[in-house]
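Geometric and topological summary
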Amino acid sequence: MTATPETPLFQPLQLPGGQIVKNRIAKAAMEENMADAGHLPGAELHRLYRRWAEGGAGLLLTGNVMVAPDAVTGPAGVILDASQPLQPFRAWAQAGRANGARLWMQINHPGRQVYAATNPQAIAPSAVPMAIEGYAHLFARPRAMTEAEIAEVIRRFADTAALAEQAGFDGVQVHAAHGYLLSQFLSPLTNRREDRWGGSLENRARILVEIIRAIRARVAPGFGVGVKLNSSDFQKGGFEAQDAVAVVRMLNELPVDLVELSGGSYESPAMHGRPQQASTRQSTLAREAYFVDFARDIVAEARMPVMVTGGIRRRATAEAALAPEGDRAGVAMVGLAQALAYAPDLPNRWQAGEAAVDVPMVRWKNRALSGLATMALTKLQLRRLGAGRSPRPQA
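What this report covers is the structure whose coordinates are included nearby. (Residues numbered from 1 in each chain as written. Predicted model: local features only at pLDDT ≥ 70, side-chain atom pairs only at ≥ 80, totals over all residues. Heavy atoms only, no water.)

A few points about the overall build of the protein chain
Broken down by element type, the protein chain carries 13 helices and 13 strands. Sorting the 395 residues of the protein chain into buried and exposed places 60% on the buried side. Nonlocal contacts in the protein chain, meaning residues at least 24 apart in sequence, comprise 72% of its contacts between residues at least 6 apart. About 15,000 Å² of surface is accessible on the protein chain, with carbon and sulfur atoms providing 51% of the total. (Helix = DSSP H or I, 4+ residues; strand = E, 2+ residues; numbered from the N terminus. Buried < 20%, exposed > 50% of the residue type's maximum accessible area, 1.4 Å probe, protein only. Contact = heavy atoms within 4.5 Å. Areas by Shrake-Rupley, 256 points an atom, 1.4 Å probe, with all protein chains shown as cover.)

Structure below.
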């Protein structure tokens, strides 16, 4: 069995800025922690991304690249600022664009989601510490950012985007999800400011809007600019689905090429398993595509293409996410993350008629710790791929 011409999965997608992606399958971002001692992409990351590009995905989104050298999510994270040489990034771009793939750099500032051992100082919208029972002490206690520091972060995002374009990347994705700095600004739980950067949702989203504007002022019109946004934080009193809809309406007024919907944070890692607050419908689609229901609501409001990521492993699930459901339209693109750690050529397998891949999941009672353990298993596979070996799910 092979993919039929009618399947939308292998149809090209033209983005608002004119860029064309060869199919509707994206390799979603996964933090690799595989940089060299200088926080640069080396041979392992080049090898890993060439493997994914050859595996058939139309768009590859890198793991989060830090915009500031003093704010790194973990060891061996990639940093791109004006002090870094561009040649390692040019080699990364060349590898990730093999086989006609588009390569976008996910750019990020972690804010308070940094470990005290590697980042003893942390900044955030407000001085709200991490709240993970039994593990909060591992994270740096943040202090509230000054106006000057907010302006500096905006500039750093724009600098990194401009450097990514110089290095040969096709675009950037601004990470405003998963509890990182921009997500912290969006959430009323972590943004308790009373100035123009806090309070109303419009104020809380201001830094994201200003970053998009700053990037667009520095890059060519055809350079892709996307946003990764939480559908919900899955925390009581936090950023919710209706907030996501409102933010997308704001992004409609900007030159944004793609919005990716995900969810959760370190404190509530919904991105690693079925969110408890979501629908209890026990279909395969519901078990795999965690955020697809939220994404359909966003599609109804968005002027740009919408991508959904979260647990997709089967071709039928991906096709269902792209297809209309009743009077609601499907998404424009599906993102695969952990599945591509265990089967880097899954898009090619789908096109040849194979259906699914098994992805081991850690399901401990402590959901935050379970999420970290699942990430560790996934990163082990990434290192194997980066070393030129095959994945080993039971390793």
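Re helix α7 (residues 241-251)
All of the buried residues along α7 are D243, A244, V245, V247, V248 and L251. At its buried positions, α7 is contacted by α4 (181-186), α5 (201-204), α6 (206-216), β10 (224-230), β11 (258-262) and α9 (292-299).

Quick look at the packing of aromatic side chains
For the structure shown, the criterion picks out five aromatic pairs. Note on Y49 and W92: the rings are 5.4 Å apart at their centroids and 85° apart in plane angle, and the pair reads as edge-to-face. With Y49 in helix α1 (residues 43-54) and W92 in helix α2 (residues 87-96), this pair connects stretches of sequence that are 43 residues apart. Within the aromatic cluster, the residues linked to one another by ring pairs are Y49, W52, F89, W92 and F169. When the ring centre of W52 is taken as reference, the NZ or CZ atom of K27 above it lies at 4.5 Å. (Phe/Tyr/Trp six-rings, centres within 6.5 Å; stacked < 30°, edge-to-face > 60°. Lys NZ or Arg CZ within 6 Å of the ring centre and 35° of its normal.)

Points about the packing of helix α3 (residues 147-167) against α6
Packing of α3 against α6 leaves a shortest axis separation of 8 Å and a crossing angle of 40°. Here α3 is positioned oblique relative to α6, judged by the angle of their axes. Between α3 and α6 the crossing geometry is right-handed. Here α3 contributes I150, V153, I154, F157, A158 and A161 to the contact with α6, which in turn contributes I207, E210, I211, A214 and I215. A per-class count over the contact of α3 with α6 returns ten nonpolar, no polar and one charged. (Axes fitted to C-alpha atoms, helices over the stretch in contact; angles between N-to-C directions. Parallel < 35°, antiparallel > 145°, perpendicular 65-115°, else oblique. Left-handed = near helix turned anticlockwise from the far one by under 90°. Nonpolar A, V, L, I, M, F, W, Y, C, P; charged D, E, K, R; others polar.)

Here we look at unusual backbone geometry
A negative phi holds for most residues other than glycine; trans holds for most peptide bonds. Phi at N33 takes a positive value of approximately 55°, unusual for a residue other than glycine. For N33, the location among the structural elements is in the loop between β3 (25-27) and α1. The residue A76 is not glycine, and still its phi comes out positive at about 60°. Its place among the elements puts A76 in the loop between β5 (65-66) and α2.

Side note on the packing of α1 against α2
Following both chains from N to C, one finds α1 and α2 inclined at 20°, their axes separated by 7 Å at the closest point. The angle between the axes of α1 and α2 places the two elements in the roughly parallel class. Where α1 crosses over α2, the handedness of that crossing is right-handed. Across the interface between the two elements, L45, H46, Y49, R50 and A53 from α1 touch P88, A91, W92, Q94, A95 and G96 from α2. In terms of residue class, the contact of α1 with α2 is built from seven nonpolar, three polar and one charged.

Here we look at the side chain of N33
With a relative accessible area of 12%, N33 lands in the buried category. A distance of 2.8 Å separates a polar atom in the side chain of N33 from the backbone oxygen of P75. A polar contact is formed between the side chain of N33 and the side chain of K379, at a distance of 2.4 Å. If we ignore the near neighbours within four places in the chain, the residues touching N33 are G74, P75, A76, G77, K379 and R383. (Polar contact = N/O pair within 3.5 Å; in protein donor to acceptor, adjacent residues only side chain to side chain.)

Description of the pairing of β11
For β11, the tally of buried residues reaches five of five residues, placing the bulk of the element in the interior. Side chains L258, E260 and S262 project from β11 onto one buried face, and the interleaved V259 and L261 project onto a second face that is buried too. Here β10 pairs with β11 via five bridges, running parallel. Each bridged residue has a counterpart across the sheet, and for V227 the counterpart in β11 is V259. (Pairing = 2+ DSSP bridges.)

Some remarks on the pairing of strand β12 (residues 306-309)
With burial as the criterion, each face of β12 is covered, one bearing V306 and V308 and the other bearing M307 and T309. Here β11 pairs with β12 via three bridges, running parallel. By the bridge assignment, V259 is partnered in β12 with V306. A crossover links β12 with its parallel partner strand β13 (residues 333-336), the connecting element being helix α10 (residues 315-322), and its sense is right-handed. (Right-handed = clockwise from strand over helix to strand, strands pointing away.)

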